[in-house]
Amino acid sequence: MMFAALSAFADKVVDVRAEATDGFGGDLSSVLTRCQTKAGGEYDPVTLSRDVVALRESKEFDSISADVGRAEGGIAVVFRVVRKMRFQGPLTVKGATVLSEGKVRRESGLRDGELYGEGDLDEAAGKVRAAYRKKHYPDVKVTPVPEVTSGNNCSITFLIDEGEKVRIGGYVFEGAGEDADIGEIEKSIGVYPWWNPAGWVSSAEPPVSRRQISESVPKIEEYFRNLGYLDVKVAEPGRVDGDKPGVKKIVYSIERGPLYRVAKTSITGLTRYTEEDVRRNCELLEEGSVASWKELTDAARRVEVAVGSGDSGLADTHVAVQYMVSESDPSALDIVFKVEEGVPVVINQVEIQGNDYTQDKVIRREIALAPGDRMLEDRAEKSKRRLENLDYFSRVRYYLRKTGLGKDANGCEWRDLVYEVEEHNTGNFMVGVGASSVDSVFVSAEIQQSNFDLFAPSRYFRGGGQKARIYAQVGPRIQTYEAEVTEPWLFGRQLELSVCGYRRLRWYDDYDIIRSGAAATLSYPVKFLPSLPTFGRFGVRLSGEFIQFDDVERGEWEYRGRTVSLKEEDRRYGDAFEPVVRVFWSHDTRDTYRFTKSGSRTHIYGDVAPAGDNKYYRVGFDHRSYFRPWKPLVRGDSWARDHVFMAGVRAETIDGISDDVPIYNRMFLGGPKSIRGIKYRNVSTYARRAENEKRWDPWGGQTLFCANFEYTVPIFKLLRVAAFSDVGSVGADEFDLSDDFAWTAGIGFRIDIPMFPLRLDFGTPIEKPEHAKKEVFSFTVGYDF
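The notes below deal with the structure included here. (Residues numbered from 1 in each chain as written. Predicted model: local features only at pLDDT ≥ 70, side-chain atom pairs only at ≥ 80, totals over all residues. Heavy atoms only, no water.)

Comments concerning the overall build of the protein chain
Secondary structure assignment for the protein chain yields 13 helices and 39 strands. Structurally, the protein chain occupies a C-alpha span of about 100 × 70 × 70 Å along its principal axes. Taken across its 785 residues, the protein chain has 45% of its residues classed as buried. Considering only contacts within the protein chain whose residues lie at least 6 apart along the sequence, 60% involve residues at least 24 apart. Only carbon and sulfur atoms are counted for the fraction: they give 52% of the accessible area of the protein chain, which is about 39900 Å². (Helix = DSSP H or I, 4+ residues; strand = E, 2+ residues; numbered from the N terminus. Buried < 20%, exposed > 50% of the residue type's maximum accessible area, 1.4 Å probe, protein only. Contact = heavy atoms within 4.5 Å. Areas by Shrake-Rupley, 256 points an atom, 1.4 Å probe, with all protein chains shown as cover.)

Next up, the structure:
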């Protein structure tokens, strides 16, 4: 698409026309009826841009451009289009022997009566080529040949040259070196081992055709350049015979060249800032560090942001990376960041492009710049990262567009700030099988939409920036059904409202518990001063829960000098309704929710159930911190950098306001998510079975304390080994811990299988409550507990 903007602020539009360059002839009035730009109205480049988007969304045109020029009395606008062809089937197929004509037609996806352009036909031919590659014909050629019959109607022929059958049996990287990660090289070109689920869902196709193999060469060179081999060269790959007849291997010959390190860095071309000022505001590569091309380009971008920010910020600054071999060391480089300074800019308007269904307001609320603001690169870059973190877009970029409006009183140019986004699918449907030593085997299904809009059925409930989730989990020891909707910007403010409904069933050895309820949570970010970053979120949660017993075991127990029974618990506390008010503060600075390496997570809360069948209060604290204990000796030493130490502490207490605390609200520890090495819920106060003096069963307590410590070390990409120690205690009364505590230690493995991360732990008690049972091995699915 081409869009020619003109400096025509407040000018009238005197002429609007549509022209077709496709040679089909016919009426073009449908083009103008879709456009809001009309003769007699004021010229508005934003409206014109939206008109082009509307024409593109109609999917009737192969290309669209809007040309603007001056005419007598105002502005003339010309929409130039190339219309798509209407396919009259069936598809004619010539040259196909391996695939039948019917198979080719089905794979192409072309439908009689539909509109197609050149790009659509190339895509259809690509689908047929992919089907041939699955049959081991990597060099197949598929050429679509449309023939216009009348108007824009056409017939289509696919000319196919199948080529030779070649089975690709592997990839060889000669000269890669011992320090190269072959798995990472293969991943960079779309090759995954059969057992890696990432390959099952990846859209990348392994290189098998000559074109694909040739296109994979720059990706391999990029991998080595990012390791510091800036002079790397990869020769044109060739096919050689494999281990079996009819099987070929693809061989890449790699000349790595020297591994470069940084000798010194300098910044040139500065006038507004000194080099010391820029260095102070951005991180450059340290002397002696590996001269990774990615690190160099990232550092250049940081220089651009530093020069474009602050009181003397210059927008549109560009920084080029230049390097030369050091005179004193041929394996070291003198790095020069050559600055081409921009100009001071004030923002005329902020424009959003590419959002076909995401609402403008969802994007604008993440942008920290507004019309009339001074253009500051650090704010623009921060806004870009915030948009990327939404995970609504496959690509986000911003740029400044000249307006021709001159300069303001301070000498700053008026320019438009344009954020261009490319949307991707934000919905997910997942079905899986999970397991743990607590929950046994279970089946789960989940539907998620991270860019949900409750009030937009015409857009398939997309684009409002809300989050929606429906989840079901069914197993022999647990059943969960949940539905949740979250609005992160209630009333246009950073008030997050989350509403959920659920039904949860948990089977224990002596009884089952069923919880059905709903909750609404309202939270907002905490700021002590407007200039300071947010410090967590403060919130209130209102919930109502109906709790039932099921399959309750008969019998009596002796507990703290009195007789208790589960049947009595059911009689007193079964079929109970609990309305609960929770006030909380939470703060999360973790770098990732997967295998966290730095940051912390804190949650402090207080519950009050002032009415209903159970009246109680509860307060609690949960904190986890993650540290990298070792600093790499050289930049890029990921093995040392990825050592992680985790320390966590959790404390909680509960007490009834007018009655005792029911067993389903009492506290237990033990198992893979609290005290590893001791059986699930076995760190507790105990009750002795009246009919069997040798049987002691956990009865829960009103106060718990648990501390977890874990040190993990990477072995290779998907595997980490862990050493851990857990300590905890459960007390019978509120704010009272038992002297009978548990202390365990052990080792474990963390296997990062995409979508199925496993935690395997082998632990043993150093100290444990008298009646608690040992559990040497435990496992669970998930990244953290």
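Re the pattern of salt bridges
Side chains that differ in charge, positive against negative, can pair when their charged atoms come close. Taken as a whole and assessed by the stated rule, the structure comprises 61 salt bridges. Here Asp139 makes a salt bridge to Arg210, at a shortest N to O gap of 3.6 Å. With Asp139 in the loop between helix H4 (118-134) and strand S8 (141-150) and Arg210 in helix H7 (residues 210-225), this residue pair connects regions lying 71 residues apart in the sequence. By relative accessible area, which is 18% here, Asp139 ends up buried. Of the charged contacts in the structure, one is a salt bridge between Arg415 and Glu413, with a shortest N-O distance of 3.0 Å. Judged by its relative accessible area of 6%, Arg415 falls in the buried class. (Salt bridge = Lys/Arg side-chain N within 4 Å of Asp/Glu carboxyl O.)

Here's the deal with a positive patch on the surface
Side chains of Lys135, Lys165, Arg167 and Lys244 sit close together on the surface and give a patch of like positive charge. Counting through the fold element by element, Arg167 comes out in strand S10 (residues 167-174). Its relative accessible area of 40% is what places Arg167 among the partly exposed residues. (Patch = residues over 30% accessible without salt bridge, like charges linked within 9 Å, V, L, I, M, F, W, Y side chains within 5 Å. Lys, Arg positive; Asp, Glu negative; His and termini not counted. Charge placed at Lys NZ, Arg CZ, Asp CG, Glu CD.)

Brief notes about the environment of Arg239
One can find Arg239 in strand S12 (residues 238-241). Placed 31 residues apart in sequence, Arg239 and Val208 show a C-alpha to C-alpha distance of 9.9 Å. Here Arg239 is in contact with Pro138, Asp139, Val166, Ile168, Val208, Ser209, Arg210, Ile213, Lys248, Lys249 and Ile250, once residues within four sequence places are set aside.

Topic: the side chain of Asp655
Looking at the element boundaries, Asp655 is found in strand S32 (residues 644-656). Engagement of the side chain of Asp655 in a polar contact is seen with the side chain of Gln702, the distance being 3.2 Å. Residues in contact with Asp655, not counting those within four places in the same chain, are Tyr616, Tyr617, Val661, Gln702 and Glu734. (Polar contact = N/O pair within 3.5 Å; in protein donor to acceptor, adjacent residues only side chain to side chain.)

Some details on empty space enclosed by the protein
Under the definition given, this model contains one cavity of 30 Å³ or more. As a volume, the largest cavity reaches approximately 160 Å³. Around the largest cavity, the lining comprises 13 residues; the ones closest to its centre are Phe595, Thr596, Tyr626, Glu710 and Thr712. At the level of secondary structure, the elements contributing two or more residues to the lining of the largest cavity comprise S32 and strand S35 (703-716). Residues belonging to the lining of the largest cavity are distributed by class as follows: five nonpolar, two polar and six charged. (1 Å grid on protein atoms, 1.4 Å probe; cavity = no way out; pocket = protein on both sides within 12 Å on 5 of 7 lines; lining within 4 Å. Points joined across faces, edges and corners; volume = space filled by probe spheres on them. Nonpolar A, V, L, I, M, F, W, Y, C, P; charged D, E, K, R; others polar.)

Looking at the packing of aromatic side chains
In the structure shown here, the tally under the stated rule is 19 aromatic pairs. Arranged with centres 6.3 Å apart and planes meeting at 85°, the rings of Tyr132 and Tyr137 form a pair that is edge-to-face. Given a relative accessible area of 0%, Tyr132 falls into the buried group. Exposure remark for Tyr137: the relative accessible area of 14% places this residue in the buried category. Measuring from centroid to centroid gives 5.4 Å for Tyr398 and Tyr419, while their planes differ by 35°, and the two rings are tilted. (Phe/Tyr/Trp six-rings, centres within 6.5 Å; stacked < 30°, edge-to-face > 60°.)

Here's the deal with the sheet that holds strand S16 (residues 332-340)
Reading across the sheet, the three strands line up as S14-S16-S15 and stay open at both edges, with mixed pairing between neighbours. Each edge of the sheet is formed by a strand with only one pairing partner; in this case those strands are strand S14 (261-268) and strand S15 (318-325). Strand-to-strand twist across the sheet, computed as the mean angle between neighbouring axes with direction ignored, equals 20°. With eight bridges joining them, S15 and S16 adopt antiparallel strand pairing. Residue pairing in the sheet places Met324 in a bridge with Asp334 of S16. Its contacts with the sheet place helix H9 (residues 293-307) against S14, S15 and S16, and it is angled at close to 140° to S15. (Pairing = 2+ DSSP bridges. Axes fitted to C-alpha atoms, helices over the stretch in contact; angles between N-to-C directions.)

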